Amino acid sequence: MKAETKNNIKQTDKGQTNQYVRKGSSNKVWDFFCSVKLAVVIILILVVSCIIGTVILQEKTFDEYVARYGYGLATFFKITQLNNVFYSHWFSFLLILLCANLICCTIKRWRNTFLQTGFVLTHLSLVLILIGGVVKFQLGVKGGVNVYEGKSVNYFLTQKIDRNGKLDYVKKDLPFSIALDDFILEKNEPKFQLVSYVKSKDRQKVLEVKLGKKQRVPGSDYKVTIKDYVPDAELKQEPVNASDTPDNPAIFVKFFGSEKVAAEGWLLAYDRNSYEDKKQGIRIEYIWLSSQEELDKALHSVEAAKAQLSVSLSGQTQDYPLDLNKVFKFEGTDFTVKMLQYVHNYGDRRPLGEQPPDNPAVQVEIKGPEGAETRWVFEKFPDWDKMHPAKYKNLKITCSGIAGTYMAKNTVRIYQTPEGKQVLVYIKDKQIAETVPWELEKKYTIPDTGNEVMVASYFPSFDFKKEVVKKSDEVKSPAIFAEVEGPSGKVEDWIFSSNQYATWYTDNNFALVYESTGESIKHFTSKLRIEENGQTVAEKTIRVNDPLEHRGYVIYQSSYDPEAGTFSGLQIVKDPGIPIAYSGFGALCFGVVFIFYIKPFLRKKLKKEVEE
Amino acid sequence: MSLINITLIVYVIASVAYIVREIWRSGVTKWISLGLFILGFCFNLAMVAKRSIEAGHPPFSNLYESLIFYACCTAFVYIIFEFVYNFKVVGALASVLSMLILLYATLQDDTIRPIMPALKSNWMLVHVVTYMLGYAAFGISFVTSIIFLVVKPFARKGKEGEKAEEGKEILPRNFDKLSYKIVAFGFPFLTLGMITGAVWAKKAWGDYWSWDPKETWSLITWLAYLVYLHTPLVLPKMNINKSKAAVILAIWLLVSFGIVNFTFMGLNYLPSAADSEHIYGSQ
């Protein structure tokens, strides 16, 4: 049977209105345009084209293509329009062909029945959407402009790739001006996260900040429990007296210059025990003596103590006076000791005479059964060698009095003994000028200067009391109290978000950092005002997802100045095709719902009625 | 034991229960397997609810959230289908599918972050939910296609094309028709998802369609299933017998589901993705 006869019989059998009966070869053309096969073929080509359009970068300048794909491919893309697939001539042709196919299809299968509603709606909706797209392409404009707070603009810029494949901006005027009255940028509360780090595995993992939950760090033996959380914390360190045993004696000294307090602070006998006012050439030292004899010596000698080196091995100690390059033998052993050099302040590049006695040290050379070893011995850090690699670990070396030769023009030495004797010694130009017993909270004048000194308090066992204080209830600078359980046992401490350094566990293989994840933007809005001929005709505060429409132009909140938030990025779009496209959208939605949900339901109902 | 681990385990047990049910058919095995699957779904739903409450926003702002919601939708859609179509073995694979989606979710960064201004819209809710339901249906059709292709070589000749009796269970050898019905169920959701996405895009970015990779791939997905829906009208005219046609269509469904997943998750690997405003699902 010939195709057209079959069609004719079909149509007349159903008693439908037969609109189109064509004869001859035009029937083949018509059939071609009406066929579902054509539709499927076009759609498949579109699918492939779309895939290509997402794999190859689109709408870039020619230079970018050359850089990315090489000159040959770049030229190929340009010729075949693969650099702009969706707006290329062949793609547009495909869409037009599809349009024709849809229209012909609909006309051919038109039955004018209610059940066909879905079919008609879906197919014509696509035509509408395509027409809407064409109108948008031909008559629509899209561009952007940045407006500064308090200023206004009456144009916007559109991007264009010109004939040479270069990016260009085209200015388009607006029939009104847009004024930005106010730009508001709201940020979210800063968020913080606890990050753990396992050094041996070089792995980081974010841990939950949940009070009381013991979390095992995945892939390790460490367990972390957060025991406390303060949203806004501050570490306050307060000097306290730990006990009455003078194991770390310290005094709080006030230094006055003509009635006013010029300086005040703690002097620790075994640590930072001196203060110097270089301008006036006054130095204040706090010296703790261990016996009455030492005090007697001190009162008569300018030298604070004899400079000497102490070497200990298995309980035996020998002292050697500071004497450079002399080889001393450690009696009863094979060791010899030689002092190579000494400094008043280790690491200080100034000449010895100019160095303050802040970190006195001696460089010692030890020769023993396993060869020679050189090490530095620090007066203020007698245990330094314990924590650092040494060849002869059992050999403990300390020094004292190394900086005894250092002197300021005027020196005040505050002496104290465990028996309770307290004496001030004034030394001027390396001579003892005066000795005075001192008491707490009494001012003493330093001779030949206009200054006074006072010991305000005395702590026999000075220590810092660390206290974590809550500054406020807002999340600003939080801190957590964490317990880490690992190979070295349980260790707990406070970790502050303000601390940029990690807090390490005792085995030096595990660390925790409590850090800010950065501020994120909550929302940004622009208060806009439209002016025409000097009059305000429209006003709206726009935000993302909520634009301002005026005279066919739609103004969107698109972006903002990322650094200071001084300008608001607006996107301006005019699309006369919207009503057409949106009708298509609506029709398509209703059409698919009809075909796949309503029609089968109605069909079933009809079938039942027929059977009954 | 975290909620996600419980859910995963229940899905696996449900899957096993469905296989047992296929062998020992009885009312008891039916209710056990279905019950377990529903239990898995409930746990999954609890995960989604918990995450939404903790984050303070619906679970769509990153890939982790989208995936747990997707697994949940797959389970939900399957349960509906089981009641409508009286499935058996499909449940085994559907459960595995939900489990695999959740498993992939565990590999993602699940840090809770505040939601971007662009995502604060009611349109997002409609857009994502319709898409997830559509994808879930396509996942089930993927499963039925696999079963069809596996069973087909063993199907008795002459019984092809046999219409399923009303109310009676559809046999795996007729799963080609079943797949079509499932796709027919899911396709409107996909369409609605795409259109709500376009309308939302216009509100947020000024353009309902800008050929950005995510949009283009969602179109490719839609076109792929559109081809599937129209092909049965074309193949007979090309003198391809029904049996072969069914196989071609089943294979096409497998390909199409691959496209669905690429659109959902694979886009981040495209070079053009870096430029896209759409790919915040990867954060």
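Here, residues in each chain are numbered from 1, in the same order as that chain's written sequence. Chain labels run from A onward and ligand labels from 1 onward, assigned in the order the entries are written. The predicted nature of this model means local features are confined to residues of pLDDT at least 70 and side-chain atom pairs, given and counted, to a pLDDT of 80 or more, with totals for whole chains, interfaces and linings taken over all residues. Here the side-chain values reflect all heavy atoms present in the structure, with hydrogen atoms and water set aside.

(A) The sheet that holds strand S12 (residues 282-288) of chain A, seen in detail. Residue and element names in this part refer to chain A. Reading across the sheet, the five strands line up as S11-S12-S20-S21-S22 and stay open at both edges, with mixed pairing between neighbours. Looking at the sheet topology across the chains shown, the edges are occupied by strand S11 (274-277) and strand S22 (431-437). Sheet twist, expressed as the mean angle between neighbouring strand axes with direction ignored, is 15 degrees. Alignment of strand S20 (residues 410-416) against strand S21 (residues 422-428), held across seven bridges, turns out to be antiparallel. Counterpart to valine 412 in the pairing with S21 is tyrosine 426. Contacts are residue-level and defined by heavy atoms, with any inter-residue pair within 4.5 Å sufficient. A fitted line through C-alpha atoms serves as each axis, taken over the contacting stretch for helices, and the angle formed by two N-to-C directions is quoted from 0 to 180°. A run of H or I in DSSP becomes a helix once it reaches four residues, and a run of E becomes a strand once it reaches two; helices and strands are each numbered from the N terminus. Relative to S22, helix H7 (residues 292-300) is tilted by about 135 degrees, and along the sheet it contacts S20, S21 and S22. Note: two strands are recorded as paired if DSSP finds a minimum of 2 bridges between them.

(B) Region of interest: the pattern of salt bridges. Each reported salt bridge corresponds to a side-chain nitrogen of Lys or Arg within 4 Å of a carboxyl oxygen of Asp or Glu. One pass over the structure, following the stated rule, counts 23 salt bridges over all chains. The closest approach of N and O atoms between Asp207(B) and Lys142(A), which form a salt bridge, is 3.0 Å. Taken together, the residues span two chains, with Asp207(B) in the loop between helix H6 (175-205) and helix H7 (213-234) and Lys142(A) in strand S1 (residues 141-148). Glu485(A) is the partner of Lys214(A) in a salt bridge, and the nearest nitrogen-oxygen pair spans 2.7 Å. Taken as a pair, Lys214(A) in strand S6 (residues 214-216) and Glu485(A) in strand S26 (residues 479-486) lie far apart in primary sequence, 271 residues in all. Overall, Lys214(A) belongs to the partly exposed group, its relative accessible area being 45%. Classification of residues uses two cut-offs on accessible area relative to the type maximum, computed with a 1.4 Å probe and protein chains only: under 20% is buried, over 50% is exposed, and between them is partly exposed.

(C) A look at the sheet that holds S6(A). Residues and elements named next belong to chain A. Here we have four strands laid out as an open sheet, ordered S6-S7-S26-S27, and antiparallel in their pairing. The two strands at the open ends of the sheet, each matched to only one other strand, are S6 and strand S27 (489-496). Looking at each pair of strands side by side, their axes are set apart by 25 degrees on average, direction ignored.

(D) Local environment of unusual backbone geometry. All names here are of chain A. You will see that glutamate 59, though not glycine, has its phi angle at about 55 degrees, which is positive. Mapped onto the elements, glutamate 59 comes out in the loop between helix H3 (36-55) and helix H4 (62-80). We note that asparagine 112 has phi near 60 degrees; this positive angle belongs to a residue other than glycine. Topologically, asparagine 112 is positioned in the loop between helix H5 (89-108) and helix H6 (117-139).

(E) Broad picture of the packing of helix H2 (residues 27-55) of chain B against helix H3 (residues 63-85) of chain B. All names here are of chain B. At a closest axis distance of 9 Å, the pairing of H2 and H3 adopts a crossing angle of 150 degrees. Along this stretch, H2 crosses H3, giving a crossing that reads as left-handed. Between H2, through Leu34, Phe37, Ile38, Phe41, Asn44, Leu45, Met47, Val48, Arg51 and Ala55, and H3, the contact on the second element is made entirely by Tyr64, Glu65, Ile68, Phe69, Ala71, Cys72, Ala75, Phe76, Tyr78, Ile79, Glu82 and Phe83. For the contact of H2 with H3, a count of residues per class yields 18 nonpolar, one polar and three charged. In this scheme the crossing of two helices becomes right-handed for a clockwise turn of the near helix relative to the far one and left-handed for an anticlockwise turn of less than a right angle. Ten residue types, Ala, Val, Leu, Ile, Met, Phe, Trp, Tyr, Cys and Pro, are classed as nonpolar, four, Asp, Glu, Lys and Arg, as charged, and the remainder, Gly among them, as polar.

(F) View of the packing of helix H5 (residues 122-151) of chain B against H6(B). Residues and elements named next belong to chain B. Interaxial distance between H5 and H6 falls to 7 Å at its minimum, and their mutual angle equals 155 degrees. As far as their axial angle goes, H6 and H5 are roughly antiparallel. Classified by chirality, the crossing of H6 by H5 is left-handed. An angle below 35 degrees is read as roughly parallel, one above 145 as roughly antiparallel, one from 65 to 115 as roughly perpendicular, and any other as oblique.

(G) Region of the structure containing the confidence of the model for chain B. Chain-level statistics for chain B give a pLDDT mean of 86 and a share of 89% at 70 or above. Each residue carries a pLDDT value, the predictor's own confidence for that position, ranging from 0 to 100. Within chain B, H7(B) carries the highest mean pLDDT (94), whereas helix H4 (residues 89-106) of chain B carries the lowest (89).

(H) Inspection of the packing of aromatic side chains at higher detail. All names here are of chain A. Under the pairing criterion, centres of Phe, Tyr and Trp rings, with the six-membered ring standing for Trp, must be within 6.5 Å; the plane angle then separates stacked pairs below 30 degrees from edge-to-face pairs above 60, leaving the rest tilted. Per the stated rule, a full pass over the model turns up 57 aromatic pairs over all chains. Arranged with centres 4.4 Å apart and planes meeting at 15 degrees, the rings of tyrosine 222 and phenylalanine 510 form a pair that is stacked. Of the two residues, tyrosine 222 sits in the loop between S6 and strand S7 (223-230) while phenylalanine 510 sits in strand S29 (residues 510-516), which places them 288 residues apart along the sequence. Each member of the pair, tyrosine 222 as well as phenylalanine 510, carries the same accessibility label: buried.

(I) Summary view of the environment of Leu100(B). Mapped onto the secondary structure, Leu100(B) falls in helix H4. When the C-alpha positions of Leu100(B) and Val12(B) are compared, they lie 9.8 Å apart, and in sequence the two are 88 residues distant.

(J) Representation of the nonpolar core. Of all hydrophobic cores here, the largest spans 126 residues; its most connected members are Tyr78(B), Phe87(B), Ile140(B), Trp222(B) and Tyr225(B). Looking at this core, the element that brings in the most residues is H6(B), giving 16 residues. Among all residues touching Tyr225(B), those that are not within four sequence positions of it are Phe138(B), Val183(B), Phe187(B), Leu190(B), Leu253(B), Ser256(B), Phe257(B) and Val260(B). The term nonpolar core refers to a set of buried residues drawn from Ala, Val, Leu, Ile, Met, Phe, Trp, Tyr and Cys, joined through side-chain atoms within 4.5 Å. Counting 23 residues, the second-largest nonpolar core is a separate cluster that includes Val141(A), Ile178(A), Ile530(A) and Ala118(B).

(K) Just a nonpolar patch on the surface, in detail. Residue and element names in this part refer to chain B. By definition, no residue in a patch forms a salt bridge, and every one has over 30% relative accessible area; like charges are joined within 9 Å, nonpolar side chains (Val, Leu, Ile, Met, Phe, Trp, Tyr) within 5 Å. For accessible areas, the Shrake-Rupley method is used with a probe of radius 1.4 Å. Any residue's cover is judged against the shown protein chains and nothing else. Taken together, Trp31, Phe76, Ile80, Phe83 and Val84 make up a surface patch of nonpolar side chains, about 530 Å² in accessible area. If one sorts the elements of the nonpolar patch by residue count, H3 sits on top with four residues. Structurally, valine 84 can be placed in helix H3.

(L) Quick look at the interface of chain B and chain A. Taken together, the contacts link 46 residues of chain B with 47 residues of chain A. Note: buried area is the sum, over both parts, of the accessible area (probe 1.4 Å) each one loses when the two are combined. With both chains or domains summed, chain B and chain A bury close to 4200 Å², and 70% of this area falls on carbon and sulfur atoms. Summed over the three residues of chain B that lose the most area to chain A, namely Pro117(B), Tyr208(B) and Trp211(B), the buried surface amounts to 16% of that side. Remark: the boundary between chain B and chain A carries two salt bridges. A salt bridge links Asp207(B) to Lys136(A), with the shortest nitrogen-to-oxygen separation between them at 2.6 Å. Two N or O atoms count as a polar contact when they lie within 3.5 Å, although within protein this holds only if one can serve as hydrogen donor and the other as acceptor, and sequence-adjacent residues are included solely when both atoms are side-chain atoms. Between the two partners, chain B and chain A, sit eight residue pairs in polar contact (both at pLDDT 80 or more). Elements supplying a minimum of two residues to the side of chain B that touches chain A: H6 and H7 of chain B. The dominant element in the side of chain B that touches chain A, judged by the number of residues it contributes, is H6(B), at 15 residues. Partitioning the side of chain B that touches chain A into residue classes produces 34 nonpolar, seven polar and five charged.

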